[in-house]
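Here are the chains, one letter per residue:
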Amino acid sequence: MTLRQTPSQTVGPYFAYGLSPEQYGYDFASIAGGDMAPAEVEGQRIRVEGRVFDGAGAVVPDALVEIWQADAQGRYAHPSDPRGSNASFKGFGRFGTGTDKQNRFIFDTVKPGAIDAGQAPHLNVVLTMRGMLLHAFTRIYFADEASNATDPVLHLVPEDRRHTLIAQPIGGNVYRFDIQMQGAHETVFFDV
Amino acid sequence: MTETYRARDWAGQPAYLSPDYKSTPLRSPTRPLIALPQSLSEITGPVFGAEVVTGDDADLTRNGRRNGEPLGERIVVTGRVLGDDGKPLPNTLLEVWQANACGRYVHKADQHDAPLDPNFLGSGRCATDSNGVYKFMTVKPGAYPWGNHHNAWRPQHIHFSLFGPSFATRLVTQMYFPGDPLLPLDPIFLATPAATRNLLIAAFTLDATEPGYALGYRFDIVLRGRNATPMEA
């Protein structure tokens, strides 16, 4: 049996009070925000921040970025990962670019471990915004991981575009990852 | 062995670049997407279900009340969440948000000159039951003007966000109402291929109508289902 999948539609400009209400100051509980790792979660604390740029180079102030990641031991909090994860680490973050003065998305989390012997540590990203009729998938890798050199997903990407998937350390455990929708350094998006 | 998810039905999806919707030209990827074979990163995803639905989350006519009832026509929205393999998806979270009955969003960026309703927030969430059925109560949202082109109006709609069982099954969409005269004029609705457009329109149904209280609409949502053949773990 095959049913047709429901088409995607844009998240629009007014998602904040539905999807990230606490971040934007609305009186409704959020299921997730940018603070992904409660104090008791093991692992190296990192911040991942960046901005989203449109095809004219303008900063996008109404994008929604979602992160899905493994814990510091490389385990996902999901029934399909039989290893189980760090008990209080959910692995999901969500941040809109409308509250920071520089329109950054900001995730405070733990650095993920490698999920297996092949893949380098990475964050999985869903990006959506007004003007996108369907969300886009990308990944965030870390510049200081030697295993990037052998990561099978990075190897699917032409060498001259790989840098668009790699967050750069900017000091103090902070990594910068900007997303370019278009242009010479257009971020690689995946068909998952 | 772990299961993977069927491919996105690209032929049934709107294109990133849909120029009649004027925000798309600068916000759509221009390079071809790179095919990513599903691994543990894609077949897992955030697990949200009934545990995050509390209080009046599933009743938008109550969860924003301050000093009375919100204005507008009360409606029940219900339906099933399924994989495209036809299997219902139990305990799956749906997040919804919408304009009020006058077509005004609570959002600070919405400057439409229509009244806010002090008793209506316009966001809520609910989860599917063991048969994949969800249900929430709200008021029918109003249409509203937007700046896409001269005299542009969005049809009445409710926004939906779902994860489903994995990151690969993520869906953000909108539900429209049957018979809305703005549908054939709306570039967002029309960006969807004709073959699948009507999947975005709810059906009025007496079965879901609560006699004497609220009209019922049915809206089924189909996410990517599981492949019959598992991948190597």
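As shown above, the structure is provided for reference.
Some details on the overall build of chain A
Looking only at helices and strands, chain A features two helices and 11 strands. From first element to last, N terminus to C terminus, chain A shows the α and β order α-α-β-β-β-β-β-β-β-β-β-β-β. At 17 Å, chain A has a C-alpha radius of gyration in line with the 16 Å of a compact globule built from 192 residues. Along the first, second and third principal axes, the C-alpha set of chain A runs to 50 × 40 × 40 Å. Across chain A, every contact between residues at least 6 apart in sequence was considered, and the portion connecting residues at least 24 apart equals 66%. Within chain A, one finds 16 positive and 22 negative side-chain charges whose respective centroids are separated by 2 Å.

Structural notes on unusual backbone geometry
All names here are of chain B. Located in the positive-phi region is asparagine 91, a residue other than glycine, with phi close to 45 degrees. Within the element layout of this structure, asparagine 91 appears in the loop between β2 (74–83) and β3 (93–98). Not every positive phi belongs to a glycine, and asparagine 151 is a case in point at roughly 60 degrees. Here asparagine 151 shows up in the loop between β6 (144–146) and β7 (152–154). Judged by its relative accessible area of 58%, asparagine 151 is exposed.

What about the packing of aromatic side chains?
Geometrically, a pair of aromatic rings is defined through the distance of the ring centres and the angle of the planes. Across all of its chains, the model carries 21 aromatic pairs over all chains by this definition. An angle of 85 degrees between the planes, with centres 5.0 Å apart, marks the rings of Phe92(A) and Phe163(B) as edge-to-face. One end of the pair, Phe92(A), is in strand β4 (residues 92–96); the other, Phe163(B), is in the loop between β8 (157–162) and β9 (171–176), on a second chain. What makes Phe92(A) buried here is its relative accessible area of 5%. Arg74(B) extends its terminal NZ or CZ atom over the ring of Tyr213(B), reaching a point 3.8 Å from the ring centre. Lying across the ring of Trp146(B), Arg154(B) places its NZ or CZ 5.8 Å from the centre.

Definitions and cut-offs
Residues numbered from 1 in each chain as written. Chains lettered and ligands numbered in written order. Predicted model: local features only at pLDDT ≥ 70, side-chain atom pairs only at ≥ 80, totals over all residues. Heavy atoms only, no water. Helix = DSSP H or I, 4+ residues; strand = E, 2+ residues; numbered from the N terminus. Rg over C-alpha atoms; globule rule 2.2 N^0.38 Å. Contact = heavy atoms within 4.5 Å. Lys, Arg positive; Asp, Glu negative; His and termini not counted. Charge placed at Lys NZ, Arg CZ, Asp CG, Glu CD. Buried < 20%, exposed > 50% of the residue type's maximum accessible area, 1.4 Å probe, protein only. Phe/Tyr/Trp six-rings, centres within 6.5 Å; stacked < 30°, edge-to-face > 60°. Lys NZ or Arg CZ within 6 Å of the ring centre and 35° of its normal.

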